[in-house]
Amino acid sequence: MIDFTKLKIENQLWPEDEKLFETMENSYTSENERIFFETMHVKMLTECAPCGEELLWNSENEDKIYFTRDGYDEFIVGSRKDGLKQEHYMNLSETLSANLKNLIDRDITMLQWLRERDYKDIVYNHNNAYV
């Protein structure tokens, strides 16, 4: 559980994301899902990614999906599977509920896709402002 009193909070989350984190707490489907949500929650509150933060590289999965955090709480999801296609989202809630059909020709949300992979190859230390 995150101790918010010890965090230097720099950003206020969208209400949708606050609700998402609240709903997910204690409802995780795996340890990797818990790590993903707790890490993203802290990062979105405390760590800006002005040059993007690569959470997943397209070279690490068969669908050629890439997943990037921009600023505090905006996200870009794209695929290089059949050319370059990408979508921009204003918050994590919107990102995870997005259907990837336009990117990979499968009727699956980003959350379902991540769960299917059990968050395999997600990285949390590639904020381009610091690498």
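Treat the numbers as computed from the prediction; the structure is a model and nothing was measured.

> Teacher, can you tell me more about the packing of aromatic side chains here?
How two aromatic rings sit relative to each other is given by the distance of their centres and the angle of their planes. Applying the stated criterion across every chain yields a total of 6 aromatic pairs. When the ring of Phe-21 is compared with that of Phe-37, the centres are 6.3 Å apart and the planes differ by 80 degrees; the resulting orientation is edge-to-face. With Phe-21 in helix H1 (residues 15-24) and Phe-37 in helix H2 (residues 31-46), the pair connects residues that are 16 residues apart, well separated along the chain. Classification of Phe-21 by relative accessible area gives buried; the value is 5%. Measuring from centroid to centroid gives 6.3 Å for Tyr-28 and Phe-37, while their planes differ by 25 degrees, and the two rings are stacked.

> In this structure, what is going on with the pairing of strand S3 (residues 74-79)? I would like to understand it.
Where burial is concerned, most of S3 is hidden: 5 out of the 6 residues are buried. Strand direction decides the pairing type here: strand S2 (residues 65-71) and S3, joined by 6 bridges, are antiparallel. Across the sheet, Tyr-66 pairs through a bridge with Gly-78, a residue of S3. Following S2, the chain reverses through 2 residues before pairing antiparallel with S3. Judged from the 5 bridges that link them, S3 and strand S4 (residues 85-89) form a sheet pairing that is antiparallel. Counterpart to Ser-79 in the pairing with S4 is Lys-85. Taken together, S3 and the strand that follows it, S4, pair antiparallel across an intervening segment of 5 residues, in which Gly-83 is found at a positive phi of about 90 degrees.

Here is what the cut-offs are and how they apply
- Residues numbered from 1 in each chain as written.
- Predicted model: local features only at pLDDT ≥ 70, side-chain atom pairs only at ≥ 80, totals over all residues.
- Heavy atoms only, no water.
- Phe/Tyr/Trp six-rings, centres within 6.5 Å; stacked < 30°, edge-to-face > 60°.
- Helix = DSSP H or I, 4+ residues; strand = E, 2+ residues; numbered from the N terminus.
- Buried < 20%, exposed > 50% of the residue type's maximum accessible area, 1.4 Å probe, protein only.
- Pairing = 2+ DSSP bridges.

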